[in-house]
Amino acid sequence: MAGSNRQAAEVLHNAVIQAHGALQARTPLVQCITNVVSSNYMANILLAAGASPAMVDNTQEAGLFAGVADALLINLGTPTDSQVESMRLAAAAAQQAGKPWVLDPIGAGGLPWRGAIALELLQHRPTTIRGNPSEIKGLSGLGSGARGMDSSDEPESAVPAALELLRHCRTVGASGAVDHLVGHYEERPTLIRVYGGSCLQPRVTATGCALGALVAAYQAVAEPLVATVAAHASFAIAGKLAAERHAAPGSFAVAFIDELYALDEARIQQHLRIDVTSLVSPP
Ligand SMILES: Nc1ncnc2c1ncn2[C@@H]1O[C@H](COP(=O)(O)OP(=O)(O)OP(=O)(O)O)[C@@H](O)[C@H]1O
Ligand SMILES: Cc1ncsc1CCO
Ligand SMILES: [Mg+2]
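As annotated in an unreviewed UniProt entry, the protein chain carries the name Hydroxyethylthiazole kinase and is attributed to Serpens gallinarum. The Cofactor (unreviewed entry) comment attached to the protein chain in UniProt states, word for word, "Mg(2+)".

Here it is, written out as structure tokens:
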């Protein structure tokens, strides 16, 4: 049994506006342990959105810094032995310090070594697991047809896997044309769909990686479900508006950063589109 919850959608709509204001006011320091493809784009997206990025990923400093930063992102895109050690140290330190952290299990479905690392990191209780649908399905053990870093599954098909992963974290996000997010709203398992964005977003590498970093930034200023929705909503609105002005990936990527920077209460009011479904049992 499942039911649309319009009141919850309105509450979350207002909470997203509040979270956006809190992000601007507090400029959270976000430690990113991420892949080599994503670093520069991710840092620029965090800066444009109002957060402060720090790519501290060496074994000597990663653990210490996780205790200092406001939030942590761990992204498994191009893991080396040494970077994985930093991930272990940082995840443990974040857990110890009660800091929010986000796991992006890139490629977890298709590559067994990193899949095992992602599973190992779950012991440190990430606040959010964010990935594309194939990664969410792969990490949950419910299977996926993933071939590489891009998804070969639809977000809706990842909802049972996302619900399964809620045993390890507070919220799970599966991105795509319509983002499907799960968490608990008033203690009930709940699905939130975020509409918007552009088909140019997956044509720019590391867009999903940068989304994971923005989820971490929002986790520093809002409770987990609101933070997860706020980050996805920011991407959905900025992506939609950037695509109205640019029709190809290169100029779109620049416009997307600009739209994140320009996001404000009025734009959220006008463009945010979410729906909320309370789930009694998996759909
Ligand atoms: N077809 C689409 N239409 C609209 N928005 C999309 C579409 N595909 C992806 N997005 C948006 O792009 C962003 C990244 O999602 P995507 O699923 O491409 O992540 P990803 O595969 O993890 O990316 P990467 O690993 O390349 O960083 C999200 O904000 C998502 O909503
Ligand atoms: C292309 C690529 N390869 C490993 S990570 C990454 C960035 C987007 O997933
Ligand atoms: Mg990804």
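This is not the end of the story, as more comes after the structure.
Draft legend 1. Structural detail: the side chain of H271. Summarising the element assignment, H271 is placed in helix α11 (residues 265-271). Owing to a relative accessible area of 16%, H271 belongs among the buried residues under this scheme. Those residues in contact with H271 that sit more than four places away from it in its chain are I237, K240 and L241.

Draft legend 2. Representation of the UniProt feature "binding site: substrate" (unreviewed entry) in the protein chain in the model. Residues annotated by UniProt as "binding site: substrate" (unreviewed entry) correspond here to M55 and A206. Mapping M55 onto the fold places it in the loop between β3 (52-54) and α3 (62-68). Given a relative accessible area of 30%, M55 falls into the partly exposed group. Beyond its immediate stretch of four places on either side in the chain, M55 contacts C32, S39, M42 and A43. Along the chain, A206 falls in the loop between β9 (188-195) and α8 (207-219). Leave out the neighbours within four places in its chain, and A206 touches S38 and Y41.

Draft legend 3. Inspection of the site of ligand 1 at higher detail. Close to ligand 1 lie 19 residues, the nearest being R130, S175, D179, G208 and C209. Here an oxygen atom of ligand 1 and a backbone polar atom of G176 are 3.1 Å apart. Take S198: an N or O atom from its main chain is 3.3 Å from a nitrogen atom of ligand 1. Here the shell around ligand 1 takes four residues from α8, the largest share from any one element.

Draft legend 4. Layout of the pairing of β9. Of the pairings in the sheet, the one linking strand β8 (residues 179-185) to β9 comprises seven bridges and is antiparallel in character. Among the inter-strand pairings, Y185 is bridged to a residue of β9, identified as R188. Connecting the antiparallel pair β8 and β9 is a turn made up of two residues, with E186 showing a positive phi of about 50°. Bridge count for β9 against strand β10 (residues 273-279) is six bridges, and the pairing is antiparallel. Residue pairing across strands places T190 opposite S278, the latter belonging to β10.

Draft legend 5. Structural detail: the pattern of salt bridges. Counted under the stated rule, the structure contains eight salt bridges. Between R88 and E85 there is a salt bridge, and its shortest N-O distance comes to 3.2 Å. Of this pair, R88 and E85 both sit in helix α4 (residues 81-97), separated by three residues, roughly a single helical turn. Residue classification places R88 among the partly exposed residues on the basis of a relative accessible area of 29%.

Draft legend 6. Quick look at the UniProt feature "binding site: ATP" (unreviewed entry) in the protein chain. Here, the residues flagged by UniProt with the feature "binding site: ATP" (unreviewed entry) are R130 and S175. What stands out for the annotated residues spanning 46 residues is how close their C-alpha atoms remain, the widest pair being 7.8 Å apart. Relative to the assigned elements, R130 resides in strand β6 (residues 128-131). Beyond its immediate chain neighbours, meaning those up to four positions away, R130 contacts V102, L103, D104, P105, I136, G173, S175, G208, C209, L211, G212 and H232. At 3.1 Å, the side chain of R130 and the side chain of S175 are in polar contact. Structurally, S175 is set in the loop between β7 (171-174) and β8. With residues up to four places along the chain from it excluded, the contact list for S175 reads R130, G131, N132, P133, P155 and L211.

Each value, and the rule that gives it
- Residues numbered from 1 in each chain as written.
- Chains lettered and ligands numbered in written order.
- Predicted model: local features only at pLDDT ≥ 70, side-chain atom pairs only at ≥ 80, totals over all residues.
- Heavy atoms only, no water.
- UniProt positions renumbered as here; feature names shortened; annotations may be inferred.
- Helix = DSSP H or I, 4+ residues; strand = E, 2+ residues; numbered from the N terminus.
- Buried < 20%, exposed > 50% of the residue type's maximum accessible area, 1.4 Å probe, protein only.
- Contact = heavy atoms within 4.5 Å.
- Near = heavy atom within 4 Å.
- Polar contact = N/O pair within 3.5 Å; in protein donor to acceptor, adjacent residues only side chain to side chain.
- Pairing = 2+ DSSP bridges.
- Salt bridge = Lys/Arg side-chain N within 4 Å of Asp/Glu carboxyl O.

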